[in-house]
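# Inside the fold
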Amino acid sequence: QILIVAQFFLRIPSKLMTMNILYIDDEKDLLELASSFFEDEKLPLDTSHDFQEALGLIRKKSYDLIISDARMPSGSGLALIAKVREEGHFTGKF
């Protein structure tokens, strides 16, 4: 999952420098791996480990791209998409 995203991002690095990106996953090891990769590439990345925390971040900040785990104990990625779109907080890409 991270490798696919990383390969995608490496094709458009100049655009990434200005994007607000949120990565949501309940597996903290994956969050740390993504954070480390983005930090090494000097790319911005916010992370969240659960549904409610992610929803709070999305309500406070505008994101261009949200990458979410589909299944988390605190709620599914699909439920998050539905909630965020319902509230009108996000118009970018999931």
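A few points on the structure. (Residues numbered from 1 in each chain as written. Predicted model: local features only at pLDDT ≥ 70, side-chain atom pairs only at ≥ 80, totals over all residues. Heavy atoms only, no water.)

## Examining the overall build of the chain
Scanning the chain from terminus to terminus reveals five helices and three strands. Reading the helices (α) and strands (β) of the chain from amino to carboxyl end gives α-α-β-α-β-α-β-α. Counting the 94 residues in the chain, one finds 35% classified as buried. In the chain, 67% of the contacts between residues at least 6 apart in sequence involve partners at least 24 apart. (Helix = DSSP H or I, 4+ residues; strand = E, 2+ residues; numbered from the N terminus. Buried < 20%, exposed > 50% of the residue type's maximum accessible area, 1.4 Å probe, protein only. Contact = heavy atoms within 4.5 Å.)

## Some remarks on the pairing of strand E1 (residues 21-24)
Side-chain alternation along E1 places Ile21 and Tyr23 on one buried face and Leu22 and Ile24 on a second face that is also buried. When E1 meets strand E3 (residues 65-68), the two strands line up parallel, connected through four bridges. The residue bridging Tyr23 from the neighbouring strand is Ile67, located in E3. With three bridges joining them, E1 and strand E2 (residues 46-48) adopt parallel strand pairing. Across the sheet, the residue bridging to Ile24 is Ser48, located in E2. As a crossover connection, the stretch from E1 through helix H3 (residues 28-40) into E2 is right-handed. (Pairing = 2+ DSSP bridges. Right-handed = clockwise from strand over helix to strand, strands pointing away.)

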